[in-house]
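Breakdown of the fold
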Amino acid sequence: MKNIIILALVCIVSFTANAAQSDNVNPTLNPMESFVCPVDSDYSIVRNDETRRNVFTLRHRETLEPAFDAKFEKYLNQFEIDGMPFIAVGAWNPTFGYLWGAWVRDARGWQKVLPMLYTDIKIVPNDNKPISLQCTGMDGHQMTVTLNELIANICQQ
């Protein structure tokens, strides 16, 4: 009888260990992270409350893999431009304030569309024309460009 009980305990411990290992296959957020909002059908913004700044990342909903390496503290609340998934994000810089970058999702994944970081980004709707981004550089120079023009620049590189 004693051997049967020991065998049963070994089976239970073995089953529990295998179940714990299979949980690692499906990644989960750590207790200090939470989903904020969806950006497109596959990606969401995730907030991490471990630090004082509450840093955000853009991650795949199922795998939790980051879409790109940048962490950010602000984002524009428009996630689609001209039918393409889009995100503009800002990270704090003590000298310039928030510095903004932008990414668009295409068949290859999330591609950085701006050649450098900007101190300000605004989305400018145009009547019956593609939407434009108005960007202000660290030197104060402004540029207004459409997403299609930015994507064409990426393809040339």
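Refer to the structure printed above.
Below, the structure is looked at part by part. (Residues numbered from 1 in each chain as written. Predicted model: local features only at pLDDT ≥ 70, side-chain atom pairs only at ≥ 80, totals over all residues. Heavy atoms only, no water.)

Comments concerning the sheet that holds strand E3 (residues 55-60)
Pairing within the open sheet is antiparallel, and its three strands lie in the order E1-E2-E3. The open sheet has two free edges, formed respectively by strand E1 (33-38) and E3, since each of these has just one partner strand. Going from strand to strand, the sheet's axes swing by 35° on average, the running direction of each strand aside. By the bridge criterion, five bridges tie E1 to strand E2 (residues 43-48) in an arrangement that is antiparallel. Bridge pairing in E2 places Pro-38 opposite Ser-44. (Pairing = 2+ DSSP bridges. Helix = DSSP H or I, 4+ residues; strand = E, 2+ residues; numbered from the N terminus. Axes fitted to C-alpha atoms, helices over the stretch in contact; angles between N-to-C directions.)

Points about unusual backbone geometry
A positive phi angle, close to 50°, is found at Asp-82, a residue other than glycine. Note on Asp-82: relative accessible area 36%, which makes it partly exposed. Within the chain, Asn-128 stands out as a residue other than glycine whose phi angle is a positive 55°. By the element assignment, Asn-128 lies in the loop between strand E9 (120-124) and strand E10 (132-136). (Buried < 20%, exposed > 50% of the residue type's maximum accessible area, 1.4 Å probe, protein only.)

Regarding the packing of aromatic side chains
Geometrically, a pair of aromatic rings is defined through the distance of the ring centres and the angle of the planes. Under the criterion given, the structure shown has eight aromatic pairs. Measuring from centroid to centroid gives 6.5 Å for Phe-68 and Trp-110, while their planes differ by 75°, and the two rings are edge-to-face. With Phe-68 in the loop between E3 and strand E4 (74-75) and Trp-110 in strand E8 (residues 109-112), this residue pair connects regions lying 42 residues apart in the sequence. Residue class for Phe-68 comes out buried when judged on its relative accessible area of 9%. We classify Trp-110 as buried; its relative accessible area is 9%. Here Trp-92 and Tyr-98 contribute two aromatic rings whose centre-to-centre distance is 5.0 Å and whose plane-to-plane angle is 70°, an arrangement assigned as edge-to-face. Judged by relative accessible area, which is 41%, Trp-92 ranks as partly exposed. Cluster of aromatic residues (ring-pair linked, three or more members): Tyr-43, Phe-68, Trp-103 and Trp-110. (Phe/Tyr/Trp six-rings, centres within 6.5 Å; stacked < 30°, edge-to-face > 60°.)

Examining the pairing of E2
Of all six residues in E2, five are buried, a share of seventy percent or more. One ladder, built from six bridges, connects E2 with E3; its direction is antiparallel. Following the sheet pairing, Ser-44 is matched in E3 by Arg-59. In textbook terms, the turn of a hairpin is the stretch between consecutive antiparallel strands, and for E2 and E3 this stretch comprises six residues, one of which, Asn-54, has a positive phi near 55°.

So, the sheet that holds E9
Ordered in space as E9-E10-E11, the three strands form an open sheet in which the pairing is antiparallel. Of all the strands in the sheet, the pair left with one neighbour each is E9 and strand E11 (142-146). Across this sheet, the average inter-strand angle for adjacent strands is 20°, counted without regard to direction. In terms of strand pairing, E9 meets E10 through five bridges, oriented antiparallel. Residue pairing across strands places Ile-121 opposite Cys-135, the latter belonging to E10.

As for the pattern of salt bridges
Applying the stated criterion across every chain yields a total of six salt bridges. Between Glu-33 and Arg-59 there is a salt bridge, with its nearest N and O atoms 2.5 Å apart. Highlighted residues: Glu-33 in strand E1 and Arg-59 in strand E3, separated in sequence by 26 residues. For the pair Glu-33 and Arg-59, one class covers both residues: buried. Note that Arg-47 is salt-bridged to Asp-49, the shortest N-O span being 2.7 Å. Asp-49 sits in the partly exposed class, given a relative accessible area of 30%. When salt bridges with common partners are traced through the structure, they connect Asp-40, Asp-42 and Arg-105 into a single cluster. (Salt bridge = Lys/Arg side-chain N within 4 Å of Asp/Glu carboxyl O.)

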